[in-house]
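Spelled out from the first residue to the last, the chains are:
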Amino acid sequence: MTADWIGALQRAGACAPFLSRAMDRLPALVDLLAAGEGEAALAWARAQGEGIEDVGVALRRERLALALALAIGDLAGAFPVARVTGELSAFADRAMDAAIAEAIRRRVPDAEPAGFLALALGKHGAGELNYSSDIDPILLYDPQLLPRRERDDPGEAAERIARTVVETLARVTGDGYVFRVDLRLRPASEVSPLAISIDAALTHYESSALTWERAAFIRARACAGDIAAGEAFLAAIRPFVWRKSLDFGAIAEIGRLTAQIRSNTRQAWLVGPNFDLKKGRGGIREIEFYAQTHQLIHGGRNPALRLRGTRASLDALAAAGVIPAEDAVLLGESYDRLRALEHRLQMVGDQQTHALPAESAAIDTVARLDGLADGDALIGEITRITGAVGERYDALIARTGSGPITAPAPGPPPGEELARLGFADAGEFAARIDGWRSGKLRALRSDAARVAFDAIQPALLAALAAAPEPERAFLRWERLLGNLPSAINLFNLLEARPALLDLLARVLALAPPLADALTLRADLLDPLIDASAFALPGDVAALAGEFRAGESDDDYERVLDRVRRKVGEKRFVLGIQLIEGTSDPLAVSAALARVAEAAIQVLADAASAEFALSHGRIADSELVILGLGRMGGGALTHASDLDLVYLFTGDFNAESDGRRPLGATLYYNRLCQRVTGALSVPTAEGALYEVDTRLRPSGDQGPLAVGFDSFERYQKEQAWTWEHMALCRARPLCGSPAARGELCGIVMQALTAPRDAGKLRADVLEMRATMARHKPAQGPLDVKLARGGLVDVEFLVHYLQLREGAGAEASLTPYLGEAVRALVAPGLLPEGFAEAHDTLARLLVAARLLAPDAQEPPVAARTALARACACGDWDGMLASLAAARQAVANAWRQVFGEELEIT
């Protein structure tokens, strides 16, 4: 659409007295606008304060010129809403910065402005200031850095600076004003000074801030003064704004705030005279609240949602699948149009108004200023927009209601309800529930917690009763509550997503390891609200990128916490896929290995970077991590540890270049201790993996890390047969492509080296016999150690790999299932052996969750175990297990000429 500059000037002169007066005062600017020179007009406006010593006068003159240039560009259709609001916000930044600098220099003329800052909140923080907006900064200071006179108290000096800033910007003079300044968003504004020390503000937000303050800080940014200090402050309060777990309680809080706003707003519901475009139903604020509520719920888990702008936030929420894409478009377009109409209201008299005029004639004037025919057309458009917005916003708030916190209507006594649901000892369980409420459980000691629990109790008890093992599920729920310091978020999540109750009950009943994980981190349920949680995770590169995704200023400890949190969620979700039977255990096993590999890469990089801060790096040298065992084979279970060997490239005589240099061997041994700690030491987010480094050259007697040359020499000259067997599943996990390729070459040389077949056979049989004596099966479902189980499969495969060497190169893969198939193809292993391996591997993976003690589980868990292993029922699964073990025994006889005792 072609910009209509002349029409815009005519409408402004006829319908907007404020703009008409500005046009009379600034004829040179009008000429530029009439010529369609929008960018030149903006440049002219920005220059109006240049060369004027009085900061207040300079800012006022710039503000008037900008107001006229932006208004005409807006009315002409040349400047979109985002351009107008962005220019106004940028001017507010410049004005605030100039006012702070001037205020400090009034007190200390030669001082460099430091130690005093402004945080922009609301529309200013989002870069969305409206045409005649006030600004809502929070003014903070650092007592150690703030320039002041010798006898000034820091707090008193900061107060004087704050008052001067407000006067410079807000005082009305012959040149008008710059911005109205509202400081009521500061902590405890009723009693606090205008400027607050950074430490006092941190204490407030960490201990006593309210939900509306969290919402306000979604759009906060450091806009003026000591920007670096402001950014550091915002980084420090990030955990207050962005909760790690999903926070569905935000819906109720925002809903109550909405109800209060609507009840206090004149003409909140009916579009017509006095209707408030900002506060009315379906208005500007509800679109902002819609975006911010979803951001509060999901932004802690997804940094991509932590945006300030309303339209950008809506688009990001749609891209993340949080809201429908069509709703994001409708709300975004509605937001832009309502903001444009809001500007029209404010252009008339430069007043901070959001309401339609009371008189029909005045509404007609606003409509004509916008280019509409009359007031009826304007009211009709607003009615359509706010109706569609209000419908969507009401649906969001209706999820939890918007009234005050009150207890739900009482239901039947717990004992009666439990008996009706079929609990065998309803009286005992009812007494337990009474004990929870009496203060026994910390998570239920507050009124808000008990009210939130009351809201889910009937559905919770019904879900527990419907679980495969109701009493077991009930007791594990009790244990879960007992371990949680607070459970309000959990209760809110379960109320908002009631389908999770049934899933939670099945987890508690069927899978002890997953139930135990929940007792430590109830927020593990959070990812399950998304249907994509039941898709297998991506490749290692994608996972590593996800684990690295955080804030640019995250320190080492935050990286460790983030990886633990994300790995825990991935492992939990994969466990759910197992017990629900939605993924093949073999696929889950491979996914668990990908998750671990990504974690190893991210944490090794983080540990290396942290280590380099003190010790530097070694030129032409790098750390390489070799995976062995199930980690090397890319097939973990939920109980697997990580078998790792640390190696390094380059000259072992080299030295690092840091302020505390180390020789290469000592450097990498200390670095690898740090990497092991990064992978295994519990943090505030819990533990990650157990790391086993005993498979390194010389075992516990050898150094933790060795160079490639030493590793190659050891494999050629000193390694035992069992060490070469372990090397059959060796796979580089971390290192450059060149280093990985070199290491694979060393491994392949060791595996294909000529060897005495008779000695190899004797060594293998002796090792397996010794293992059978010292590590017998722990139960009937110990498919790893039982004869005819997975250990025997591994011994058979690794023996044949070493015996055949280069003659069976296709089998020399670390992936056991692929190796089996490569050995079956030429007849080195019998037909059916691959199927036996798959049966045993599936059962091992599933049993680690459903029968972790290797004993036969309760009936319900047997059904889940049979389903996971693609068997029709428990008897069918036992028959498949027996057939698989027999197939392994047959292969053992074929290869070694010995019988296995299968019991």
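Residues numbered from 1 in each chain as written. Predicted model: local features only at pLDDT ≥ 70, side-chain atom pairs only at ≥ 80, totals over all residues. Heavy atoms only, no water.

## Some details on the overall build of the protein chain
Counting secondary structure elements, the protein chain contains 39 helices and 11 strands. Once the C-alpha set of the protein chain is aligned to its principal axes, its extents read approximately 105 × 75 × 60 Å. Out of the 903 residues belonging to the protein chain, those deemed buried represent 55%. The long-range share in the protein chain, meaning contacts at least 24 apart out of those at least 6 apart in sequence, stands at 73%. For the protein chain, the exposed surface amounts to about 36,700 Å²; the carbon and sulfur share of it is 51%. (Helix = DSSP H or I, 4+ residues; strand = E, 2+ residues; numbered from the N terminus. Buried < 20%, exposed > 50% of the residue type's maximum accessible area, 1.4 Å probe, protein only. Contact = heavy atoms within 4.5 Å. Areas by Shrake-Rupley, 256 points an atom, 1.4 Å probe, with all protein chains shown as cover.)

## Things to note about the side chain of Glu-213
Within the fold, Glu-213 resides in helix H10 (residues 211–218). By relative accessible area, which is 5% here, Glu-213 ends up buried. Polar contacts involving the side chain of Glu-213 include one to the side chain of His-204, which spans 2.9 Å. When sequence neighbours within four positions are dropped, the list of residues in contact with Glu-213 reads Pro-187, His-204, Tyr-205 and Phe-240. (Polar contact = N/O pair within 3.5 Å; in protein donor to acceptor, adjacent residues only side chain to side chain.)

## Focus: the nonpolar core
Judged by nonpolar contacts, the single largest core of 178 residues is most densely connected at Trp-477, Leu-644, Tyr-646 and Phe-833. Ranked by residues supplied to this core, first place goes to helix H28 (residues 585–615) with 15 residues. Beyond its immediate sequence surroundings of up to four residues, Leu-644 is in contact with Ile-600, Ile-625, Leu-626, Gly-627, Met-631, Leu-679, Val-691, Asp-692, Thr-693 and Leu-733. Residues Leu-70, Met-96, Ala-111 and Ile-161 belong to the second largest nonpolar core, which totals 68 residues. (Core = buried A, V, L, I, M, F, W, Y, C linked by side-chain atoms within 4.5 Å.)

## Observations concerning the pattern of salt bridges
In this structure the tally under the stated criterion is 50 salt bridges. With a closest N to O distance of 2.4 Å, Arg-301 and Glu-569 form a salt bridge. Of this pair, Arg-301 sits in the loop between helix H14 (284–298) and helix H15 (310–319) while Glu-569 sits in helix H27 (residues 556–580); the two residues are 268 residues apart in sequence, bridging distant segments of the chain. We classify Arg-301 as partly exposed; its relative accessible area is 22%. Measuring nitrogen to oxygen at the nearest pair gives 2.7 Å for the salt bridge that ties Glu-417 to Arg-420. Here Arg-420 and Glu-417 lie together in helix H19 (residues 414–421), a separation of 3 residues that amounts to about one turn. Sharing partners across several salt bridges, the network here consists of Asp-74, Arg-337, Arg-344, Asp-370 and Glu-381. (Salt bridge = Lys/Arg side-chain N within 4 Å of Asp/Glu carboxyl O.)

## Details of unusual backbone geometry
The phi torsion of most residues other than glycine is negative, and most of the peptide bonds are trans. Its identity is not glycine, yet Asp-350 carries a phi of approximately 55°, on the positive side. With respect to the helices and strands, Asp-350 occurs in the loop between helix H16 (325–349) and helix H17 (360–370).

## Looking at the environment of Gly-699
Within the secondary structure, Gly-699 is located in the loop between strand E9 (691–692) and strand E10 (705–707). Sequence spacing of Gly-699 and Ile-397 is 302 residues, and the spatial spacing of their C-alpha atoms is 61 Å.

## Here we look at the state of the cysteines
Note on terminology: disulfide describes a covalent bond linking the sulfur atoms of two cysteines. Taken as a whole, this structure holds 0 disulfides when the rule is applied. Cys-869 forms no disulfide, and the closest cysteine sulfur to it belongs to Cys-871, at a distance of 5.8 Å. (Disulfide = S-S within 2.5 Å.)

## A look at the sheet that holds strand E1 (residues 116–120)
The strand order across the open sheet built from 4 strands is E5-E3-E1-E6, with neighbouring strands paired in mixed fashion. Taken across any chain shown, the strands that pair with only one partner, and hence form the sheet edges, are strand E5 (195–197) and strand E6 (221–225). Going from strand to strand, the sheet's axes swing by 35° on average, the running direction of each strand aside. Bridge analysis of E1 against strand E3 (residues 138–141) gives 4 bridges, and the strand direction is antiparallel. Across the sheet, the residue bridging to Leu-119 is Ile-138, located in E3. (Pairing = 2+ DSSP bridges. Axes fitted to C-alpha atoms, helices over the stretch in contact; angles between N-to-C directions.)

## With respect to the packing of helix H22 (residues 470–483) against helix H25 (residues 512–520)
Two numbers describe how H22 lies on H25: the axes approach to 8 Å, and their chain directions differ by 25°. Judged by the inter-axis angle, H22 sits roughly parallel to H25. Of the residues in H25, those touching H22 at Arg-476, Arg-479, Leu-480 and Asn-483 are Pro-512, Ala-515, Asp-516, Leu-518 and Thr-519. Of the residues belonging to the contact of H22 with H25, the class tally is 4 nonpolar, 2 polar and 3 charged. (Parallel < 35°, antiparallel > 145°, perpendicular 65-115°, else oblique. Nonpolar A, V, L, I, M, F, W, Y, C, P; charged D, E, K, R; others polar.)

## Here we look at the confidence of the model for the protein chain
Across the protein chain, pLDDT averages 91, with 96% of residues at or above 70. For the protein chain, the element scoring lowest by mean pLDDT is helix H13 (residues 249–264), at 68; strand E7 (residues 623–628) scores highest, at 98. In this model residues 400–409 is a low-confidence stretch, pLDDT under 50, and it forms 16 contacts with partners more than four residues away in sequence or in other chains. (pLDDT = per-residue confidence, 0-100.)

## Some details on the packing of aromatic side chains
With the rule as written, the count across this model stands at 16 aromatic pairs. Plain terms: the ring middles of Phe-423 and Phe-474 are 6.0 Å apart, the flat faces sit at 70° to each other, and that makes the pair edge-to-face. Placement of Phe-423 in the loop between H19 and helix H20 (426–440) and of Phe-474 in helix H22 is noted, with a sequence separation of 51 residues between them. According to the relative accessible area criterion, Phe-423 is buried, its value standing at 5%. (Phe/Tyr/Trp six-rings, centres within 6.5 Å; stacked < 30°, edge-to-face > 60°.)

## Overview of helix H2 (residues 17–25)
Here H2 has its buried residues at Phe-18, Leu-19, Ala-22 and Met-23. Projected onto a plane normal to the axis of H2, the buried residues spread over an arc of 135° and lie on a single side. Contacts from the buried residues of H2 go to helix H1 (5–15), helix H3 (27–34), helix H5 (55–75) and H16. (Arc of directions from axis to C-beta.)

## With respect to the environment of Tyr-335
You can see Tyr-335 is positioned in helix H16. A sequence separation of 49 residues divides Tyr-335 from Glu-286, and the C-alpha atoms of the two residues are 9.6 Å apart. Ignoring anything within four residues of it in the chain, the contact list for Tyr-335 reads Lys-123, Glu-128, Ile-284, Ile-287, Glu-288, Thr-310 and Arg-311.

## A word on the pairing of strand E8 (residues 642–648)
Across the 7 residues that make up E8, a large majority, 7, are buried. Neither face of E8 is exposed, since Leu-642, Leu-644, Tyr-646 and Phe-648 on one face and Asp-643, Val-645 and Leu-647 on the opposite face are all buried. In terms of strand pairing, E7 meets E8 through 6 bridges, oriented antiparallel. Following the sheet pairing, Gly-627 is matched in E8 by Leu-644. In terms of strand pairing, E8 meets E9 through 2 bridges, oriented parallel. Opposite Leu-642, over in E9, you have Val-691 as the bridge partner. On the question of chirality, the crossover connecting E8 to the parallel E9 by way of helix H30 (residues 664–680) is right-handed. Pairing analysis gives 3 bridges linking E8 to E10, with the strands arranged parallel. Within the sheet, the bridge partner assigned to Tyr-646 lies in E10 and is Ala-705. (Right-handed = clockwise from strand over helix to strand, strands pointing away.)

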